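# Summary of structural features
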Amino acid sequence: MVAEQLRLVALDAPADFVYARSQMALSLGWHIVVACFGVAFPAMVLFAEWRGYRNFDADMARLARTWARAIGVLFAVGAVSGTILSFEMGMLWPGLMSRFGEIYGYPFTLEGFAFFLEAIFVGIYLFAWDRLSPRVHMLCAVPILLSGIAGAFFVVAANAWMNTPT
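First, a word on what this report is: a plain description of the structure on this page.

A separate point is the overall build of the protein. A count of helical and extended segments in the protein gives five helices and zero strands. Seen in sequence order, the protein has helices and strands lined up from the N terminus as α-α-α-α-α. When its C-alpha atoms are laid out on the principal axes, the protein stretches across 65 × 35 × 25 Å. The buried share of the protein, reckoned over its 166 residues, is 29%. For the protein, contacts bridging at least 24 residues in sequence account for 69% of all contacts bridging at least 6. Of the roughly 10800 Å² that the protein leaves accessible, carbon and sulfur atoms contribute 72%.

In structure tokens, the structure reads:
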């Protein structure tokens, strides 16, 4: 029954193609949720760390350190799910990619640069907690925030072009 409904929605596309695109919808939905947390969560961690050091509040500093581990997990899951999506875009939407790949790929290339910058500073932030002064450590979170926002902007720009291709 579900397969027949999917078939109707896909305008009689082959069933395996419908299932593959449904899988992409699932992985895209998962990635969107994880990526949203990955963009917003570093700001919360930075605020908790700043407040902990500013007010000499050991509980806030411990909270920031605990939440920083969640940043690492969110980043890893987001990176894996984003990589899966890049493969799915090429395999499941070959017509779109062959015709508009040069246009559509440009914001994703810029998102890739933002991603690598974010990866570098997430690593520094997580593994240099006790090796840097508190001020320098907090400054390492700023590129994480900026590159996360930039990456989200470039993905939204690609989606905006898809919805209004001008």
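Next comes the rest of the description.
Attention now goes to the side chain of Glu88. Secondary-structure assignment places Glu88 in helix α3 (residues 58–92). It is Arg21 that comes nearest to the buried, bridge-free Glu88 among opposite-charge side chains, at 10 Å.

Moving on, we get to the packing of aromatic side chains. The description of two aromatic rings rests on the distance between their centres and on the angle between their planes. All chains considered together, the criterion is met by nine aromatic pairs. Arranged with centres 5.6 Å apart and planes meeting at 50°, the rings of Phe41 and Trp67 form a pair that is tilted. Separated by 26 residues along the polypeptide, Phe41 in helix α2 (residues 15–54) and Trp67 in helix α3 bring together distant segments of the chain. Given a relative accessible area of 15%, Phe41 falls into the buried group. Three or more aromatic residues link up through ring pairs in this structure, and these residues are Phe100, Tyr104, Phe108 and Trp161.

Attention now goes to the layout of surface pockets. Size it by volume and the largest pocket reaches roughly 1400 Å³. Among the secondary structure elements, those contributing two or more residues to the lining of the largest pocket are α2, α3, α4 (94–127) and α5 (134–163). Broken down by element, the lining of the largest pocket gets its largest block of residues, 14 residues, from α2. Classifying every residue of the lining of the largest pocket gives 31 nonpolar, 12 polar and three charged.

Our next topic: the nonpolar core. With 17 residues, the main nonpolar core has Val45 and Tyr125 as its most contacted residues. Elements with a contribution of two residues or more to this core: α2, α3, α4 and α5. Apart from residues no more than four positions distant in its own chain, Tyr125 is found in contact with Val45, Glu49, Ala68, His137, Cys140, Ala141 and Ile144. Counting eight residues, the second-largest nonpolar core is a separate cluster that includes Ala20, Met24, Met89 and Tyr104.

Bringing the packing of α3 against α4 into the picture now. Relative orientation of the contacting elements α3 and α4 amounts to 165°, with a least axis distance of 11 Å. One way to sum up the angle between α3 and α4 is to call them roughly antiparallel. Pair α3 / α4 crosses with left-handed handedness. Of α4, the residues touching α3 (which contributes Ala68, Arg69, Ile71, Gly72, Phe75, Ala79, Met89, Gly90, Met91 and Leu92) are Pro94, Leu96, Met97, Tyr104, Phe115, Glu118, Ala119, Val122, Tyr125 and Leu126. Split by residue class, the contact of α3 with α4 holds 16 nonpolar, two polar and two charged.

With that settled, consider unusual backbone geometry. If you check the backbone angles, Phe56 has positive phi at about 55° while not being a glycine. Considering the arrangement of structural elements, one finds Phe56 in the loop between α2 and α3. Using a relative accessible area of 77% as the deciding quantity, one classes Phe56 as exposed.

Topologically, Phe37 is positioned in helix α2. As a C-alpha pair, Phe37 and Pro143 span 106 residues in sequence and 16 Å in three-dimensional space. If we ignore the near neighbours within four places in the chain, the residues touching Phe37 are Pro42 and Leu74.

Definitions and cut-offs
Residues numbered from 1 in each chain as written. Predicted model: local features only at pLDDT ≥ 70, side-chain atom pairs only at ≥ 80, totals over all residues. Heavy atoms only, no water. Helix = DSSP H or I, 4+ residues; strand = E, 2+ residues; numbered from the N terminus. Buried < 20%, exposed > 50% of the residue type's maximum accessible area, 1.4 Å probe, protein only. Contact = heavy atoms within 4.5 Å. Areas by Shrake-Rupley, 256 points an atom, 1.4 Å probe, with all protein chains shown as cover. Lys, Arg positive; Asp, Glu negative; His and termini not counted. Salt bridge = Lys/Arg side-chain N within 4 Å of Asp/Glu carboxyl O. Phe/Tyr/Trp six-rings, centres within 6.5 Å; stacked < 30°, edge-to-face > 60°. 1 Å grid on protein atoms, 1.4 Å probe; cavity = no way out; pocket = protein on both sides within 12 Å on 5 of 7 lines; lining within 4 Å. Points joined across faces, edges and corners; volume = space filled by probe spheres on them. Nonpolar A, V, L, I, M, F, W, Y, C, P; charged D, E, K, R; others polar. Core = buried A, V, L, I, M, F, W, Y, C linked by side-chain atoms within 4.5 Å. Axes fitted to C-alpha atoms, helices over the stretch in contact; angles between N-to-C directions. Parallel < 35°, antiparallel > 145°, perpendicular 65-115°, else oblique. Left-handed = near helix turned anticlockwise from the far one by under 90°.

Purely geometric numbers; function is a separate question.
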